[in-house]
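# A structural walkthrough
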2 protein chains.
Amino acid sequence: MTKIRKRRTLKDVAEAANVSEMTVSRVLRKSGTVSAGTRKTVLAAIDRLGYVENRMAGSLATARSNQVAVIIPSLSNHVFTEVLSGISEMLDREGYQAVVGVSDYSIAKEEELVYSMMSWRPAGFVVSNVRHSPKTRNVLLNADIPVVEIMNLPEDPIEMCVGLNHTEAGRALAAYMVTKKYRRFGYVGWNESDYAAAIRFQAIKAELERHGFGIFAPDLFNRPPNLASGKSGLIRLLEQAPDRDAVFFSNDTAATGGLMHCLQAGISVPDRLAIAGFSGLESGQNLPKRLTTILTNRYETGRRAARNILQQLSNTPVRLRWDMGFELIEGETG
Amino acid sequence: MTKIRKRRTLKDVAEAANVSEMTVSRVLRKSGTVSAGTRKTVLAAIDRLGYVENRMAGSLATARSNQVAVIIPSLSNHVFTEVLSGISEMLDREGYQAVVGVSDYSIAKEEELVYSMMSWRPAGFVVSNVRHSPKTRNVLLNADIPVVEIMNLPEDPIEMCVGLNHTEAGRALAAYMVTKKYRRFGYVGWNESDYAAAIRFQAIKAELERHGFGIFAPDLFNRPPNLASGKSGLIRLLEQAPDRDAVFFSNDTAATGGLMHCLQAGISVPDRLAIAGFSGLESGQNLPKRLTTILTNRYETGRRAARNILQQLSNTPVRLRWDMGFELIEGETG
DNA sequence: CTGAAAGCGCTAACAC
DNA sequence: GTGTTAGCGCTTTCAG
């Protein structure tokens, strides 16, 4: 292994090892039959020249790629980075690699990304909303590669889906809060571009109404929630409706912000005010009070999505729809 | 735009539009000269066939890629996802795309990733440790593409670096805590594979010693810190050394865990125990008490790293070493 | 403004 | 076990 002066090719290695390019190719791919001696010579040449294979050429020739495209809405929400970890980990062991695109919760940006990533002819595609532009859907539908939609369970999936039913999850959380005797509900969150959050909110609202209760949801954020917006959202909500006894947040991060405000302002939780989140992040379970929330299985969702793609690629029969479920965490905040 | 039955090629589009492949290629790249009429026909054909360009072929032919490889240690630390956002955002506007690899803080995994990612012949490479295996360094050094090391300022960079001096940062934080009259220091964190954290710890220790104070650092974590380990780490530390009056944590997340424990256990912060973190994450500044910490410029670091690569690619003169500095946040915890 | 020929670096399929 | 030929889908170069 010494200095590389110039990009080497198979040909260089072949010449250096006094064999044909095909032999080098066979050594590289560990496929086919190469004598032990030849292999050794070739490997030595590869090392000496510092040769790194060119997969563009390889994939072009075989029409097979080891890249799997993954589009997530955001990198700053652990929900998505955890699912991504699950995907990466599973792909890794089969020699595949995740290529990540971030859509910023935008359907237009997703469309751009789909085209851009598709131009690399990935082996499979993972997307994480239910809503897609018609073009996006069309490209995905006709690409002739495995496609998985994650985090949700669409009525009409493109091909495969791995996720949970957000309506059921919202309903379960609301039902629980009702059994805990809370009555004057509020909501703080961001539903604008987060379709799953919007669905959950609708389900929460419906379930509360079914029991004869309303929910006060004043102004919603115009950006994905963080601690600060959870905090300020709760402050504004309490200004407008000081009588609330329980607040749902669109996710754990916002809920944590809310709890932080209560701790700071001396609002007793859950006696004076109950707090419910969504996701079951590690961070929400290590606060002074464990967050009451819905735990979703992000890591397993990621692994399952990747496994589905791998199975499709190897023509293994595979279930197309995976409900990964959820779990109510009866924490200490509500 | 209708159903695609089979992967289309330039040739299909050319035939459909009754022109040569070259003309289609010219339309696609907006380069060269094509008459308005021809362009219109070609675009219509592209749309009708649902053609998506094949960049493997294109990049192979031009020996140019729009992919920039980025290796970060972890996706569950906002520090790295923020820097990644900065990189992505900057690359995006120039039509480049980040391809992300996660090394899990492992030098061996990084080496694997470098080979694997290099095989796609990226336009540039971003790595985020100072420590690399000799092979990694060699491959990066000789790849003949722009390479940036981020988050640190190595003595002997591969080519370019954008980051901060962790020794100075650690020293500044320690010096501040000394001025605040804390005297019996402790340390909770994970230095094992996080080289930057290890450097900061050494700097903190040295600065305290310079003032005649020691620091008690019992057992360190064996995994990257999260709230839970920050919490349990502090608990163990206080069991062994109940007299501590100030504790440094290896990052804000661990420090937040520590603060959560104090809130829960009724330990008054900073009166009974001061807490210092590192990073200046949003989450640490929205707790019941703002964390005392060092703010680093992750987003700008990412943008700068990407810009450096873009400039190198366009042969624009560029500064190779960027000290992005840091800022002491005199919070309410110490 | 448009097209034809050659080739990017690799591999499938077949020969030897 | 190893080599030869053809070609993956695109772009470069040079004609016209």
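About the thresholds
- Residues numbered from 1 in each chain as written.
- Chains lettered and ligands numbered in written order.
- Predicted model: local features only at pLDDT ≥ 70, side-chain atom pairs only at ≥ 80, totals over all residues.
- Heavy atoms only, no water.
- Least-squares fit on C-alpha atoms with pLDDT ≥ 70 in both.
- Contact = heavy atoms within 4.5 Å.
- Helix = DSSP H or I, 4+ residues; strand = E, 2+ residues; numbered from the N terminus.
- Buried < 20%, exposed > 50% of the residue type's maximum accessible area, 1.4 Å probe, protein only.
- Near = heavy atom within 4 Å.
- Polar contact = N/O pair within 3.5 Å; in protein donor to acceptor, adjacent residues only side chain to side chain.
- Nonpolar A, V, L, I, M, F, W, Y, C, P; charged D, E, K, R; others polar.
- Salt bridge = Lys/Arg side-chain N within 4 Å of Asp/Glu carboxyl O.
- Pairing = 2+ DSSP bridges.
- Axes fitted to C-alpha atoms, helices over the stretch in contact; angles between N-to-C directions.
- Arc of directions from axis to C-beta.
- Parallel < 35°, antiparallel > 145°, perpendicular 65-115°, else oblique.
- Left-handed = near helix turned anticlockwise from the far one by under 90°.
- Core = buried A, V, L, I, M, F, W, Y, C linked by side-chain atoms within 4.5 Å.
- Right-handed = clockwise from strand over helix to strand, strands pointing away.

## Considerations on the relation of the copies chain A and chain B
- Mapping chain A onto chain B calls for a rotation angle of 180° and an axial translation of 0.0 Å; the resulting RMSD is 0.1 Å. Taken together, the rotation and translation describe the operation of a two-fold axis.
- In this assembly, 100% of the residues forming the interface of chain A have copies in chain B that are likewise at the interface, indicating an isologous arrangement.

## Some details on unusual backbone geometry
- Here the residue pair A:Val269 and A:Pro270 is connected by a cis peptide bond, since its omega of 5° sits within 30 degrees of zero.
- Checked against the element boundaries, A:Pro270 lands in the loop between helix H11 (252–265) and strand E9 (274–276).
- For A:Lys181, which is not a glycine, the phi torsion comes out positive at approximately 75°.
- For A:Lys181, the position within the fold is in the loop between helix H8 (166–179) and strand E6 (185–188).
- On the accessibility criterion, A:Lys181 (62% relative accessible area) is exposed.
- Non-glycine residue B:Ser279 carries a positive phi angle of around 135°.
- Structurally, the position occupied by B:Ser279 is in the loop between strand E9 (274–276) and strand E10 (293–296).
- Take B:Ser279: its relative accessible area is 6%, and that puts it in the buried class.

## A look at the protein's contact with DNA strand C
- Lining the immediate environment of DNA strand C, one finds 25 residues, of which A:Leu10, A:Ser25, A:Tyr51, B:Arg26 and B:Thr38 sit closest.
- Among all atoms of DNA strand C positioned within 4 Å of the protein, those belonging to sugar or phosphate total 64%.
- Between a phosphate oxygen of DNA strand C and a side-chain N or O atom of A:Arg64, the distance comes to 3.4 Å.
- A distance of 2.5 Å separates a phosphate oxygen of DNA strand C from a polar side-chain atom of B:Thr23.
- When its residues are assigned to classes, the surface near DNA strand C shows 10 nonpolar, 10 polar and five charged.

## Considering the pattern of salt bridges
- For the coordinates displayed, the defined rule picks out 26 salt bridges over all chains.
- A salt bridge links A:Arg184 to A:Asp243; the shortest N-O distance between them is 3.8 Å. Of the two residues, A:Arg184 sits in the loop between H8 and E6 while A:Asp243 sits in the loop between helix H10 (227–240) and strand E8 (246–249), which places them 59 residues apart along the sequence.
- Owing to a relative accessible area of 38%, A:Arg184 belongs among the partly exposed residues under this scheme.
- Here B:Arg290 ties to B:Glu332 by a salt bridge, and the two come within 3.7 Å at their closest N and O atoms. Residue B:Arg290 is found in the loop between E9 and E10, and its partner B:Glu332 is found in the segment after strand E12 (326–329); the two are separated by 42 residues along the sequence.
- You can call B:Arg290 partly exposed: its relative accessible area is 32%.
- A single network of salt bridges, built from pairs that share partners, joins A:Glu89, A:Arg93, A:Glu300 and A:Arg303.

## Points about the protein's contact with DNA strand D
- The full set close to DNA strand D counts 24 residues, and A:Arg26, A:Thr38, B:Leu10, B:Ser25 and B:Tyr51 are the nearest of them.
- The sugar-phosphate share of atoms of DNA strand D within 4 Å of the protein amounts to 61%.
- A:Ser20 has a polar backbone atom sitting 2.8 Å from a phosphate oxygen of DNA strand D.
- If you tally residues by element for the surface near DNA strand D, the top one is helix H4 (residues 55–62) of chain B, at four residues.
- Per-class residue counts for the surface near DNA strand D are 10 nonpolar, 10 polar and four charged.

## Points about the sheet that holds strand E7 (residues 215–216) of chain A
Residue and element names in this part refer to chain A.
- Strand order across the open sheet formed by four strands is E7-E6-E8-E9, with parallel pairing between neighbours. Lying at the two open borders of the sheet, with one neighbouring strand each, are E7 and E9.
- As judged from the four bridges shared by E6 and E8, these two strands associate in the parallel manner. Bridge pairing links Phe185 to Ala246 in E8.
- Packing of H11 onto the sheet brings it into contact with E8 and E9, and relative to E9 it is tilted by some 160°.

## Let's talk about helix H2 (residues 21–28) of chain B
Residue and element names in this part refer to chain B.
- Considered for burial, the residues of H2 that qualify are Thr23, Val24, Ser25 and Val27.
- In this structure, the buried side of H2 is in contact with helix H1 (10–17) and helix H3 (36–49).
- Positive backbone phi, at 55°, marks Lys30, one or two positions downstream of H2.

## Re H1(B)
Residues and elements named next belong to chain B.
- Considered for burial, the residues of H1 that qualify are Val13, Ala14 and Ala17. For H1, the arc enclosing every buried residue in end-on projection is 100°, short of the 170-degree limit, so these residues lie on one face.
- Looking at the packing, one finds that the buried side of H1 touches H2 and H3.
- Phi turns positive one or two residues past the end of H1, at Asn18, with a value near 60°.

## Brief notes about the packing of H8(A) against helix H9 (residues 195–210) of chain A
All names here are of chain A.
- One way to put it is that H8 packs onto H9 with a least axis distance of 7 Å and a crossing angle of 40°. When the interaxial angle is binned, H8 and H9 end up oblique. The two elements H8 and H9 meet at a crossing, and its hand is right-handed. Taken together, the residues of H9 that come into contact with H8 (itself represented by His166, Thr167, Gly170, Arg171, Ala174, Ala175 and Val178) are Ala196, Ile199, Arg200, Ala203, Ile204, Glu207 and Leu208.
- Per-class residue counts for the contact of H8 with H9 are eight nonpolar, three polar and three charged.

## Examining the side chain of A:Thr296
Residue and element names in this part refer to chain A.
- With respect to the element layout, Thr296 can be found in strand E10 (residues 293–296).
- Among the polar contacts made by the side chain of Thr296, one reaches the side chain of Arg298 at a distance of 3.1 Å.
- With residues near it in sequence (within four places) discarded, Thr296 still touches Leu164, Phe278 and Ser279.

## Digging into the nonpolar core
- Ranked by internal contacts, the top residues of the largest apolar core, which has 97 residues, are A:Ile150 and B:Ile150.
- In contact with B:Ile150, other than residues within four places in its own chain, are B:Val83, B:Ile87, B:Val126, B:Val127, B:Ser128, B:Val162, B:Thr301 and B:Ala305.
- Listed in part, the 32 residues of the second largest apolar core include A:Met118, A:Phe125, A:Val147 and B:Phe125.

## What to know about the pairing of E8(A)
Residue and element names in this part refer to chain A.
- The side-chain alternation of E8 yields two buried faces, one formed by Ala246 and Phe248 and the other by Val247 and Phe249.
- Strand direction decides the pairing type here: E8 and E9, joined by three bridges, are parallel. Paired with Val247 across the strands is Ile275, a residue of E9.
- One crossover worth recording links E8 to the parallel E9 by way of H11, and it is right-handed.

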